[in-house]
Amino acid sequence: MLAVRYQYDRATMARSDFQTPPGTRDLTEPTSSRVRRLVALFAEEAERAGFGQIVPPMFEDVGVFVRLGESSDVVAKELYSFTDKGGRDLALRPEFTASVCRSFAQTRPLLPWKTWYSGPSFRYDKPQKGRYRQFDQVGAEVIGSDDPDLDTELIALAWRFFAKVGLRDVALSVNSLGDFADRPAYLDALGAYLRSNADALSEQSRATMATNPLRVLDSKRPQDAAVIAEAPILLDFLSESAAVAFERVTAGLKALGVPFQVAPRLVRGLDYYTRTTFEFAASGLDAAQNAVGGGGRYDGLVEALGGPPEPGIGFALGVDRTLLACDAEASFPAERRPIDVWVVSTTAGTEGIELVEALRNDGIRADRAYGGRSMKAQMKVADRSGASIALIMGEDEAAAGTVAVRMLRDGGGQEPIDRSRVLEKVRSLLP
Ligand code: AMP
């Protein structure tokens, strides 16, 4: 029990004492049910493709995330890390992939392991529209196969999801980051190029250049754009096998009719990616926050987390941003589903509460007013509720064992029905 009990004075409660922390929001109707429908659509698509759900903990040993690469912003600057009362160093997840790989390394399920997820991730990001400190993601990961057809399938899964949601203006960019062995030669070339153009880069990118030149390509700062546009590209440094795999992926996308563009400077925010990387951008959103999803291969991550050297690939889609993109296109509208039946009861007995319970037990959406209000006041609430049917019980009906059924929408009349036949009657009236 809490040691302090707060006393609220109703008269002075006009202003709330607490607000949601910066970068967080309450999701209430209609957004909350849109989120739920969006997740349900994703679950349906993923399960149709053979994925099973994983619900990992929201926090992990901080090391799980640190192994994503200490030079990425997500780890270096944005991690919600803390020490718990047992002295463990933990962090709220900034994404799911690391947890999925940790789970794989811990439990060693059968291969290939295809798993999907949904839930909040946490990043100490600069809050703005489309960028939150707690945001929802849905995603899918496959561990245990390096077949490039799998890359195509995963991209197609995300694409199908966006199509089901009704989002039209989504652009898919794909790239290959090659294998880790391809990278040193490329990093040498990129580093040399960036150093020779350092004067034209932003101060932040000059600093990043020293620790991780690849990250400079991630910069969205306008000042860096011209230098990045001319930078050497990884596609010119791919090994034979990585190049063949990438060709297979792009051929697969063409065969499936998934439109894409090759974006040779797409590197994405984390260091663990190898080979195929991809990103979905919604044109209805501001450029800095227009990524509605992304993913790629991470052929070394499971091993880095202490597991066997199994390859993996996955993607995560931003639920909040997907909904914002839908708003911009007027797609995936909120569904207004008012209650079907409003029970109006002024009897002294328990008839009202019994009837509401019987309706709900029968699967009918029903509600009522509280506080023993007058017939007139309750009818007003019934009218406002959007319900199509009112079931009315005054003392007369109670005495006669009946219920008055009134159609609320089209000025319909009122009809007394024997109480034993009410459910049957309501069912016949509802669509
Ligand atoms: P990432 O792992 O950064 O590629 O994230 C995958 C997706 O999650 C992004 O494409 C965004 O749609 C979404 N996302 C990432 N960070 C945020 C954030 N701070 N607020 C809202 N959505 C985010």
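Scroll up to find the structure.
Definitions and cut-offs
Residues numbered from 1 in each chain as written. Predicted model: local features only at pLDDT ≥ 70, side-chain atom pairs only at ≥ 80, totals over all residues. Heavy atoms only, no water. Core = buried A, V, L, I, M, F, W, Y, C linked by side-chain atoms within 4.5 Å. Buried < 20%, exposed > 50% of the residue type's maximum accessible area, 1.4 Å probe, protein only. Helix = DSSP H or I, 4+ residues; strand = E, 2+ residues; numbered from the N terminus. Contact = heavy atoms within 4.5 Å. Arc of directions from axis to C-beta. Near = heavy atom within 4 Å. Polar contact = N/O pair within 3.5 Å; in protein donor to acceptor, adjacent residues only side chain to side chain. Nonpolar A, V, L, I, M, F, W, Y, C, P; charged D, E, K, R; others polar. Pairing = 2+ DSSP bridges. Axes fitted to C-alpha atoms, helices over the stretch in contact; angles between N-to-C directions. Patch = residues over 30% accessible without salt bridge, like charges linked within 9 Å, V, L, I, M, F, W, Y side chains within 5 Å. Areas by Shrake-Rupley, 256 points an atom, 1.4 Å probe, with all protein chains shown as cover. Salt bridge = Lys/Arg side-chain N within 4 Å of Asp/Glu carboxyl O. Lys, Arg positive; Asp, Glu negative; His and termini not counted. Charge placed at Lys NZ, Arg CZ, Asp CG, Glu CD. Phe/Tyr/Trp six-rings, centres within 6.5 Å; stacked < 30°, edge-to-face > 60°. Lys NZ or Arg CZ within 6 Å of the ring centre and 35° of its normal.

Generally speaking, soluble globular proteins have nonpolar side chains that are buried together. Core analysis: the largest hydrophobic core is formed by 45 residues, its most contacted members being F42, L172, F280, F315 and L317. Contributions of two or more residues to this core are made by α1 (31–48), β6 (134–143), α5 (148–165), β7 (170–176), α10 (240–256), β9 (274–282), β11 (312–318) and α12 (319–329). A per-element tally of this core places α5 first, with ten residues. Look past the residues within four positions of L317 in its chain and what remains in contact with it is F42, D136, Q137, V138, A158, F161, F162, F280, V292, G293 and G294. In this structure, L79, L190, M209 and Y298 belong to the second largest nonpolar core, which totals 41 residues.

This brings us to helix α13 (residues 351–361). Every buried residue of α13 is accounted for by E351, G352, L355, V356 and L359. For α13, the arc enclosing every buried residue in end-on projection is 130°, short of the 170-degree limit, so these residues lie on one face. Along α13, the residues that are exposed and aim more than 90 degrees away from the buried face are I353 and N361.

Further remarks concern the site of the ligand. Around the ligand sit 14 residues, and of these R123, Y132, Q137, R268 and A291 come closest. Between the ligand and R123 there is a distance of 2.8 Å, counted from an oxygen atom to a side-chain nitrogen or oxygen. One of the backbone nitrogen or oxygen atoms of G293 is found 3.0 Å away from an oxygen atom of the ligand. Elements represented by at least two residues in the shell around the ligand include exactly β6, β10 (291–297) and β11. Examining the composition of the shell around the ligand, we find that three residues originate from one element, β10, more than from any other. The residue inventory of the shell around the ligand, partitioned by class, reads five nonpolar, four polar and five charged.

With antiparallel pairing, the three strands of this open sheet are ordered in space as β2-β4-β3. Strands with a single pairing partner mark the edges of an open sheet, and in this sheet they are β2 (59–61) and β3 (81–83). With strand direction ignored, the average angle separating the axes of adjacent strands in the sheet is 35°.

Before going further, it helps to spend a moment on a positive patch on the surface. Positive charge collects at one region of the surface, where R373, K376, K380 and R384 lie side by side. In this fold, R373 is placed in the loop between β13 (366–368) and α14 (375–385). Since its relative accessible area comes to 41%, R373 is described here as partly exposed.

This brings us to the side chain of T276. On the secondary structure map, T276 appears in strand β9. On the basis of relative accessible area, T276 is assigned to the buried category, the value being 3%. Those residues in contact with T276 that lie beyond four places of it in its chain are D151, I155, N175, S176, V249, G295, G296 and R297.

To continue, consider the environment of S176. Residue placement: S176 occurs in strand β7. Residue classification places S176 among the buried positions, given a relative accessible area of 1%. Note: C-alpha distance between S176 and A245 (69 residues apart in sequence) is 9.1 Å. In this structure S176 touches L234, L235, L238, F246, R275 and T276, once residues within four positions along its chain are discounted.

Before going further, it helps to examine the packing of aromatic side chains. Aromatic ring pairs are reported here in terms of the distance separating the ring centres and the angle at which the planes meet. For the structure on display, the rule yields twelve aromatic pairs. On the numbers, 5.4 Å between centres and 65° between planes, the contact of Y186 with F237 is edge-to-face. With Y186 in helix α6 (residues 183–196) and F237 in the loop between α9 (225–229) and α10, this pair connects stretches of sequence that are 51 residues apart. Among the residues examined, F237 registers a relative accessible area of 28% and is labelled partly exposed. A network of ring pairs unites the aromatic residues F42, W116, W159, F161, F162, F278, F280 and F315 as a single cluster. Directly above the aromatic system of Y132 lies the positively charged group of R25, at a separation of 3.9 Å from the ring centroid. When the ring centre of Y124 is taken as reference, the NZ or CZ atom of R133 above it lies at 3.9 Å.

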